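Letter by letter, the chains look like this.
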Amino acid sequence: LKDNLRLQFVAKEGIQYLVTEVPIDDAKTIKNLIFQLEQEMAPAVIVMGNISQGKPMLSIIISKQITDQGIWNAGHLIKELALPIQGGGGGQPFYATAGGKEASGMKESLSRAKEKFGIA
């Protein structure tokens, strides 16, 4: 899965972007995967969605050099991107998560992320 995800990154202005949904049910596995991909692809912005036991989840990680420049903040982005899944969450500038109630909103959440980053 990780090899396949590496191929899906989109480079824009020196930053690697990935916005995707993965078929993983476990939050700990998602966190490990997203942190590994960020380390390998940095500077990177990754938004990963998944459905766990019928509940939608979003995770965002942003490389430190990007957050230090004030370009993107995961804690702020997650609140906006989680609206379609009726989600709430938060986190730090470099990593944030949100759980939601409406799995049918996942495509919209990911679409908003792509539009926000200009990679739609």
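Structure shown above.
Caption draft 1: Up close: the pairing of strand 2 (residues 15–21). Counting buried residues in strand 2 gives five out of seven residues, a clear majority hidden from the surface. Strand direction decides the pairing type here: strand 1 (residues 10–12) and strand 2, joined by three bridges, are antiparallel. Considered in strand 2, the bridge of Val 10 is made with Tyr 17. Adjacent in sequence and paired antiparallel, strand 1 and strand 2 are bridged by two residues, among which Glu 13 carries a positive phi angle near 50°. Across six bridges, strand 2 lies against strand 3 (residues 44–52) in parallel orientation. Opposite Leu 18, over in strand 3, you have Ile 46 as the bridge partner. Each parallel crossover has a hand, and for strand 2 linked through helix 2 (residues 27–41) to strand 3 it is right-handed.

Caption draft 2: Region of the structure containing the pattern of salt bridges. Taken as a whole, this structure holds six salt bridges when the rule is applied. With a closest N to O distance of 2.4 Å, Asp 3 and Arg 6 form a salt bridge. Highlighted residues: Asp 3 and Arg 6, both in helix 1 (residues 2–6), separated by three residues, approximately one helical turn. Taking the relative accessible area as the measure of exposure, Arg 6 reaches 28% and is therefore partly exposed.

Caption draft 3: Summary view of unusual backbone geometry. Residue Pro 43 follows Ala 42 across a cis peptide bond; omega there is 0°. Mapped onto the elements, Pro 43 comes out in the loop between helix 2 and strand 3. With a phi angle near 55°, Gln 53 is a residue other than glycine that sits in the positive phi range. Tracing the sequence through the fold places Gln 53 in the loop between strand 3 and strand 4 (55–62). Positive phi, close to 55°, is recorded for Gln 86, a residue that is not glycine. Mapped onto the secondary structure, Gln 86 falls in the loop between helix 4 (74–81) and strand 5 (88–91). According to the relative accessible area criterion, Gln 86 is partly exposed, its value standing at 48%.

Definitions and limits used
Residues numbered from 1 in each chain as written. Predicted model: local features only at pLDDT ≥ 70, side-chain atom pairs only at ≥ 80, totals over all residues. Heavy atoms only, no water. Buried < 20%, exposed > 50% of the residue type's maximum accessible area, 1.4 Å probe, protein only. Helix = DSSP H or I, 4+ residues; strand = E, 2+ residues; numbered from the N terminus. Pairing = 2+ DSSP bridges. Right-handed = clockwise from strand over helix to strand, strands pointing away. Salt bridge = Lys/Arg side-chain N within 4 Å of Asp/Glu carboxyl O.

None of the figures reported here should be taken as evidence of function without further support.
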